[in-house]
Amino acid sequence: MHQIACHECDLVQQIPPLPTRSTARCLRCGAVLLRSKSDSIDRTLAWTIAGLVLYAVATTFPFLAMKSGALVQHTALVSGVRSLYQQGETSLAILVFMTCILIPLIQMCGLLYVFIPLKMNLRVKYAIPVFRLFQHVKPWSMMEVYMLGILIAMVKLGKMATIVPGLAVVAFGLLIFALTFAASAVDARLVWERLGGKT
Amino acid sequence: MKVVHASARKLGLVSCQDCHLLVRWPELAGRQSASCPRCGSELHQRRPNSIARTWALVITAMIFYIPANILPMTITSTFGSKQGDTIISGIIYFIRNGSWGIALVIFTASVFVPLMKFVIMISLLLSVQFKSVWRPKDRTVLYRMTEAIGRWSMVDIFVVTILVALVKLGVLANIEAGPAALYFATVVVTTMIAAESFDPRLIWDVLEEADE
């Protein structure tokens, strides 16, 4: 038995060991208390490594190109951030850079830093603050929202020019799935028990 | 599942906000603080100054929402003539072009969601302050939705980012970010922080007080 207080309504509940791939919900407010995962560590690592490869492609290869008559304008993922910065919109540039480029990278590096030692049964310094950081930055990773932005921009410009999505857009789209699957494979309770001992 | 039917606070316990470890709440004197024995995060029975902080952030967001809607999000210059587009005029543009789906997506993300967030956060704050016992579960669900959906409002900012990167054809056509973009981004960020600073456990505290 495992005693836990609901993080949304503070009700204390006893949770029996869960069968794999099941969810425990709060009896009072319905919030998800625990989700048991199968092969959590292996799946997290696999999706994170896949994500990092896709990230490398998404940040280096051509992103979107716009063709209007003889004119072609090529862009990379960071081009938008650079253009905003050049127009004097420094805060906006930083915000977009953080939410779509830096935080996803921090998430993946953080997961590797925590999960490789877990896989190899090693103890590393700072694993606890790194995992806390991973949990805290999660809502600020907005790649999927950016993807929706790409689709809207393509429709918007579709009347005046042809938009050619590059390889990086495909990698970026797949990266969203890889990162989502990596994050959902994380069994936070398992991580905390392994990192901090069953207190 | 067996239920004790009491909150952690009532039982003299506190749940760590980061690792969810249930810890005995120590008696604190003066300016002392307690931290989680497992992960080191600072322990709070309820998020500190939750109501005041959330109010401040919601009001800030509402103030910034006004220039975000009045001022242009993008400034398009073609052959020397400049045209500013606000959030609303962008939506109207899509409707005129028959792109109803896109118009609906932008309207939802940029107009409907921020307004709903204001309404929901203010109702939650008032319901807690007036010690309402009305449908606590539904109010918690409303809070959960607000927390989950807020990020999608950023979509218009990202559209602007992509437009300014792509449309750089010199005198032919050029798009710049307008002043509303920063205001709107501030609205999204402050409402997200507002949702994070609100403590849904306050909704349930009233019920326990009413039980006694």
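Residues numbered from 1 in each chain as written. Chains lettered and ligands numbered in written order. Predicted model: local features only at pLDDT ≥ 70, side-chain atom pairs only at ≥ 80, totals over all residues.

Student: Tell me about the overall build of chain A, and name the residues and values.
Tutor: Across its full length, chain A holds seven helices and seven strands. Across chain A, helices and strands are ordered from the amino to the carboxyl terminus as β-β-β-β-α-β-β-α-α-α-α-β-α-α. With respect to the principal axes defined by its C-alpha atoms, chain A has extents near 70 × 40 × 30 Å. In chain A, buried positions account for 39% of the 199 residues. Of the contacts formed within chain A by residues at least 6 apart in sequence, a portion of 59% connects residues at least 24 apart. (Helix = DSSP H or I, 4+ residues; strand = E, 2+ residues; numbered from the N terminus. Buried ≥ 20, exposed ≤ 12 C-beta atoms within 10 Å, placed from the backbone. Contact = placed C-beta atoms within 7 Å.)

Student: Now, about the overall build of chain B: what can you tell me, with residues and values included?
Tutor: Broken down by element type, chain B carries seven helices and eight strands. Relative to its length of 212 residues, chain B is extended, with a C-alpha radius of gyration of 22 Å against a globular reference of 17 Å. When the backbone C-alpha atoms are referred to their principal axes, chain B occupies close to 70 × 35 × 30 Å. Here chain B, with 212 residues, has 40% of them falling under the buried criterion. Counted over contacts in chain B with a minimum sequence separation of 6, partners at least 24 positions apart contribute 63%. (Rg over C-alpha atoms; globule rule 2.2 N^0.38 Å.)

Student: If you had to explain unusual backbone geometry to someone new, which residues and values would you point to?
Tutor: It is generally the case that most residues other than glycine have a negative phi and that most peptide bonds are trans. Residues and elements named next belong to chain B. The phi angle at Asn49 is positive, at roughly 45°, despite the residue not being glycine. Tracing the chain through its elements places Asn49 in the loop between strand S5 (42–43) and helix H1 (50–70). The class of Asn49 is exposed, set by 12 C-beta atoms lying within 10 Å. In this structure, Lys131 takes a positive phi of about 50° despite not being glycine. Looking at where Lys131 falls in the secondary structure, it is placed in the loop between helix H3 (100–129) and helix H4 (136–149). You can call Lys131 exposed: it has 12 C-beta atoms within 10 Å.

Student: Give a detailed account of the environment of Leu34 of chain A, specifying residues and quantitative values.
Tutor: All names here are of chain A. Note on placement: Leu34 falls in strand S4 (residues 32–35). Between the C-alpha atom of Leu34 and that of Ala188, which follows or precedes it by 154 residues, the distance is 8.7 Å. Leave out the neighbours within four places in its chain, and Leu34 touches Ile15, Leu18, Ala24 and Arg189.

Student: Kindly report on the nonpolar core, identifying the contributing residues and their values.
Tutor: One finds Leu92 of chain A together with Ala181 of chain B to be the most contacted residues of the largest nonpolar core, which totals 111 residues. Looking at this core, the element that brings in the most residues is helix H6 (residues 179–197) of chain B, giving eleven residues. Excluding its chain neighbours within four sequence positions, the residues that come into contact with Leu92 of chain A are Leu84 of chain A together with Ile157, Ala177, Ala181, Leu182 and Ala185 of chain B. (Core = buried A, V, L, I, M, F, W, Y, C linked by C-beta atoms within 7 Å.)

Student: Please give an account of the interface of chain A and chain B that cites residues and values.
Tutor: Note on interface size: it is often stated as the accessible area lost on association of the parts. Contacts between chain A and chain B engage 50 residues on the former and 52 residues on the latter. Among the residues making up the side of chain A that touches chain B, the classes are represented as 27 nonpolar, 18 polar and five charged. (Nonpolar A, V, L, I, M, F, W, Y, C, P; charged D, E, K, R; others polar.)

Student: Outline the environment of Ala188 of chain A, supporting the account with residue identities and numerical values.
Tutor: In this fold, Ala188 of chain A is placed in helix H7 (residues 188–196). In this structure Ala188 of chain A comes out as partly exposed when scored by C-beta crowding, with 17 C-beta atoms within 10 Å.

Student: An account of the sheet that holds strand S7 (residues 81–85) of chain B is needed here, citing residue identities and associated values.
Tutor: All names here are of chain B. Taken in spatial order, the three strands make up an open sheet running S7-S6-S8, and their pairing is antiparallel. Strands with a single pairing partner mark the edges of an open sheet, and in this sheet they are S7 and strand S8 (174–177). On average, adjacent strands in this sheet sit at an angle of 20° to one another, irrespective of strand direction. The sheet contact formed by strand S6 (residues 74–78) and S7 spans five bridges and is antiparallel. Residue pairing across strands places Thr74 opposite Asp85, the latter belonging to S7. (Pairing = 2+ DSSP bridges. Axes fitted to C-alpha atoms, helices over the stretch in contact; angles between N-to-C directions.)

Student: Now, about the sheet that holds strand S5 (residues 64–68) of chain A: what can you tell me, with residues and values included?
Tutor: Residues and elements named next belong to chain A. Overall, antiparallel pairing links the three strands, which are arranged S6-S5-S7 in an open sheet. Looking at which strands have only one partner, the edges of the open sheet turn out to be strand S6 (71–74) and strand S7 (162–165). Recorded for the sheet is a direction-independent mean angle of 20° between the axes of neighbouring strands. Pairing geometry for S5 and S6, over four bridges, is antiparallel. Within S6, the residue paired with Met66 across the bridge is Gln73.

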